[in-house]
Amino acid sequence: MANQGITGWATVLTGTLLLAFTAETVGGEKVLLKRKYVDGRRVYIERKLDTHRAITGLPIGDVDQLATELTGVWSETSSLDDGGVRLELVFDRMARSLRDVDDGGLEYDTDDPENDEAAPQFKAILEPMIGMPVSMEIDKDGKVTAFTGLDAINEKVSQTATVSMHWQQMQRDFTDERGRKTWGEDPLLIYPDKEVEVGDVWEASASSDSPDLGTIAREHRFKAEKIGVTNGRKMLHISSSTKVSRVDSPEDGDGQKPIVEGTFTGKAVFDVELGMVVKRTSTGKLRVERPFPFGSTVMKAALEMTSSVSVLKEADRRRQQLEARKKTEQRRRELEEDDG
């Protein structure tokens, strides 16, 4: 599909462009902003991305769509003999929806598979992922040294979604190479691994390669806004801004080059005791232009994206599952009453 690169970049940005809780300000102190790993710790991480994409110049005509991606994983930490850690992530919930702005669309949620609107096109992609693990190793210096598991998921899904155009668009995001960045390296960019106080600013950068668009650079700027207390827990509130751009390449030649440019702003909340960011949100716009290999047509895409990453308690996750089961049972009762 011609918009594969657009779909992929919406997902890539999720990991690095991720409200703060209302809290009483605590001033005049420093916080060690470093990711803490505790052997045996198990948390539930939920990531969501909402995208409004308006695309022109496609062979199939113009596209104006609303897309939602939701991914939930259990993350468990174990210590390694060399002082590093291993994080095992197990996919527990996958949901996708895709709707035309002026029309209907498709949706599927593995928590609610019996929904009347559940799309079999997404079921063939998402259901095989549930229960599948991915693993990453992080050394004592906080660097990701290994990532595996997404290649295996890719292979498994490809056997059930052999002719799915939706999987063709999603497939490049489910590789070990991409996962190392989106699940490993990019979320760690917010941690400067040092003490910070209110007003401190730090920067980080990253880049990723796309076969359609080339190398995409992301420049992040973070600022410690305040230290507060929420429900008895000390929290550091962080703001962020990100600039996205395409890096020129010697291989571009004299023809028209792809264009990628965007800006995002975000907020994050760091739980001092847990030693990890427990809430992160981001919103922004991205503009992409890509000439087709042949002819004079240029695909132009305007994307508006809102993303969030949340760490949930196990009880919160169980509550989500219970609510989904109640909906299923209610629909069954209604069907039985209609049949009766």
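Just so you know, these numbers come straight off a predicted model, no measurement behind them. (Residues numbered from 1 in each chain as written. Predicted model: local features only at pLDDT ≥ 70, side-chain atom pairs only at ≥ 80, totals over all residues. Heavy atoms only, no water.)

Caption draft 1: Region of interest: the overall build of the protein. Assigned secondary structure in the protein consists of 6 helices and 15 strands. A buried classification covers 48% of the 340 residues belonging to the protein. In the form shown here, the protein has an accessible surface area of approximately 17100 Å², with 47% of it arising from carbon and sulfur atoms. (Helix = DSSP H or I, 4+ residues; strand = E, 2+ residues; numbered from the N terminus. Buried < 20%, exposed > 50% of the residue type's maximum accessible area, 1.4 Å probe, protein only. Areas by Shrake-Rupley, 256 points an atom, 1.4 Å probe, with all protein chains shown as cover.)

Caption draft 2: Quick peek at the nonpolar core. Counting residues in hydrophobic clusters, the biggest one holds 53 residues, and the most contacted among them are I125, I153, L236 and I238. Considering every element that reaches this core, the biggest residue donor is strand β5 (residues 85-100), with 6 residues. Those residues in contact with I153 that sit more than four places away from it in its chain are F91, M129, M132, V134 and F174. L49, V260, F292 and M305 belong to the second-largest nonpolar core, a separate cluster that totals 16 residues. (Core = buried A, V, L, I, M, F, W, Y, C linked by side-chain atoms within 4.5 Å. Contact = heavy atoms within 4.5 Å.)

Caption draft 3: Region of interest: the pattern of salt bridges. Tallied over the entire structure, the rule returns 22 salt bridges. Ionic pairing is found between K181 and E185, a salt bridge with its closest N-O pair at 3.8 Å. Of this pair, K181 and E185 are both found in helix α5 (residues 176-185), 4 residues apart, which corresponds to roughly one turn of the helix. Note that D186 and R218 form a salt bridge whose closest N and O atoms lie 3.1 Å from each other. With a gap of 32 residues between them, D186 in the loop between α5 and β9 (194-197) and R218 in strand β11 (residues 214-230) connect regions that are remote in the sequence. Across the pair, R218 and D186 agree in class, each one buried. (Salt bridge = Lys/Arg side-chain N within 4 Å of Asp/Glu carboxyl O.)

Caption draft 4: How the structure looks around the environment of G105. Looking at the element boundaries, G105 is found in strand β6 (residues 105-109). Judged by its relative accessible area of 40%, G105 is partly exposed. Residues G105 and Q65 lie 40 residues apart in sequence; the distance between their C-alpha atoms is 9.1 Å. Residues within four places of G105 in sequence aside, it is in contact with L98 and R99.

Caption draft 5: Main features of the pairing of strand β7 (residues 133-138). Sheet topology note: the β5/β7 ladder contains 6 bridges and is antiparallel. Bridge pairing in β7 links E88 to S135. Between the end of β7 and the start of strand β8 (residues 144-148), which pair antiparallel, lie 5 residues, with G142 showing a positive phi angle near 85 degrees. (Pairing = 2+ DSSP bridges.)

Caption draft 6: Seen up close, unusual backbone geometry. One non-glycine residue, D193, lies in the positive phi region at around 55 degrees. With respect to the secondary-structure elements, D193 resides in the loop between α5 and β9. Phi angles above zero are rare outside glycine, and N231 is one such case at about 50 degrees. Relative to the helices and strands, N231 is located in the loop between β11 and β12 (233-247).

So, to be careful, I would describe these as geometric facts and stop short of saying anything about function.
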